[in-house]
Amino acid sequence: AQTVTQSQPEMSVQEAETVTLSCTYDTSESDYYLFWYKQPPSRQMILVIRQEAYKQQNATENRFSVNFQKAAKSFSLKISDSQLGDAAMYFCAYLNYGQNFVFGPGTRLSVLP
Amino acid sequence: SQTIHQWPATLVQPVGSPLSLECTVEGTSNPNLYWYRQAAGRGLQLLFYSVGIGQISSEVPQNLSASRPQDRQFILSSKKLLLSDSGFYLCAWSPGTSGKETQYFGPGTRLLVL
């Protein structure tokens, strides 16, 4: 079965600095999707970024970018110019075509003013 | 654009009482629908998913059930709540024409069973 690991339960970053959240996953499939979701204190899950495994180019969304290393099964999220509103739980998720999501345990990010 | 609604937003129920949580999606047809539960400080646990009206798959055996009476309506129910049913319940949808791609989540329902 696929698993998703987030080895950093908590992280902190100074406002305007850059932080990287780690995610590794285990799969024998070659075609799949990876996601980062953000859950602020309101607890609504918000999609941050998505990566398709067949695409070698790393996805970017404004201040958010990923470092996708397919061979290493690693999918880290980089947040640049961190803002107070970035403080949240961040969940990494894996999806194989036709299957259901597998979520990691989450990383709580604090942004320090 | 698509939107997803959940209600109620917060619910406090006594042990042994029934439960009905509702989720509706607007702006799309034939979505895949999902119910997740999140315990405090924990990740998401998939409870049920549905690929069409009347089609429900259960991921975790428990005293909860789900129904999909209409294309864009998904209901989570229980006949008798347990203390362990407390948590945050999230409904999500994904496009039904693809391989269950990106899921979009509703605002959630906080359930406290006393």
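## Section: the sheet that holds strand 7 (residues 64-70) of chain B
Residues and elements named next belong to chain B.
- Taken in spatial order, the four strands make up an open sheet running 1-3-8-7, and their pairing is antiparallel. Both outer strands of the open sheet, strand 1 (3-7) and strand 7, are each paired with one neighbouring strand and no more. Taking the axes of each pair of neighbouring strands and ignoring which way they run, one obtains an average angle of 20° across the sheet.

## Focus: the nonpolar core
- Of all hydrophobic cores here, the largest spans 25 residues; its most connected members are A:Tyr25, A:Trp36, A:Phe75, A:Leu77 and A:Tyr90.
- Those elements that provide at least two residues to this core are strand 3 (19-21), strand 5 (32-39), strand 6 (46-52), strand 8 (64-69), strand 9 (74-79), strand 10 (88-96) and strand 12 (107-112) of chain A.
- With four residues, strand 10 of chain A is the largest single contributor of residues to this core.
- Each residue touching A:Tyr25, except ones within four places of it in the same chain, is listed here: A:Thr3, A:Val4, A:Tyr32, A:Leu34, A:Phe68, A:Gln69, A:Lys70, A:Lys73, A:Ser74, A:Phe75 and A:Tyr94.
- Residues B:Leu19, B:Phe74, B:Leu76 and B:Tyr89 belong to the second largest nonpolar core, which totals 20 residues.

## Let's talk about the state of the cysteines
Residue and element names in this part refer to chain B.
- One pass over the full model with this rule turns up two disulfides over all chains.
- Two residues share a disulfide in this structure: Cys23 and Cys91, whose sulfurs sit 2.0 Å from each other. Across the disulfide from Cys23 to Cys91, rotation about the S-S bond amounts to roughly -75°, and the bridge is consequently left-handed. Within this pair, whereas Cys23 is found in strand 3 (residues 19-26), its partner Cys91 is found in strand 9 (residues 87-94), the two being separated by 68 residues in sequence.

## Things to note about the packing of aromatic side chains
- In the structure shown here, the tally under the stated rule is 19 aromatic pairs over all chains.
- Judged by centre distance (6.3 Å) and plane angle (80°), the rings of A:Phe68 and A:Phe75 are edge-to-face.
- Members of the aromatic cluster, joined through ring pairs, are A:Tyr33, A:Phe35, A:Tyr37, A:Phe101, A:Phe103, B:Tyr34, B:Tyr36, B:Tyr49 and B:Phe105.

## Re the pairing of strand 2 (residues 10-13) of chain B
Residue and element names in this part refer to chain B.
- The alternating pattern of strand 2 places Leu11 and Gln13 on a buried face, while none of Thr10 and Val12, on the opposite face, is buried.
- Both strand 2 and strand 11 (residues 109-113) contribute to a ladder of four bridges, which runs parallel. When the bridges of strand 11 are listed, Val12 appears paired with Leu112.

Conventions and cut-offs
- Residues numbered from 1 in each chain as written.
- Chains lettered and ligands numbered in written order.
- Predicted model: local features only at pLDDT ≥ 70, side-chain atom pairs only at ≥ 80, totals over all residues.
- Heavy atoms only, no water.
- Pairing = 2+ DSSP bridges.
- Helix = DSSP H or I, 4+ residues; strand = E, 2+ residues; numbered from the N terminus.
- Axes fitted to C-alpha atoms, helices over the stretch in contact; angles between N-to-C directions.
- Core = buried A, V, L, I, M, F, W, Y, C linked by side-chain atoms within 4.5 Å.
- Buried < 20%, exposed > 50% of the residue type's maximum accessible area, 1.4 Å probe, protein only.
- Contact = heavy atoms within 4.5 Å.
- Disulfide = S-S within 2.5 Å.
- Phe/Tyr/Trp six-rings, centres within 6.5 Å; stacked < 30°, edge-to-face > 60°.

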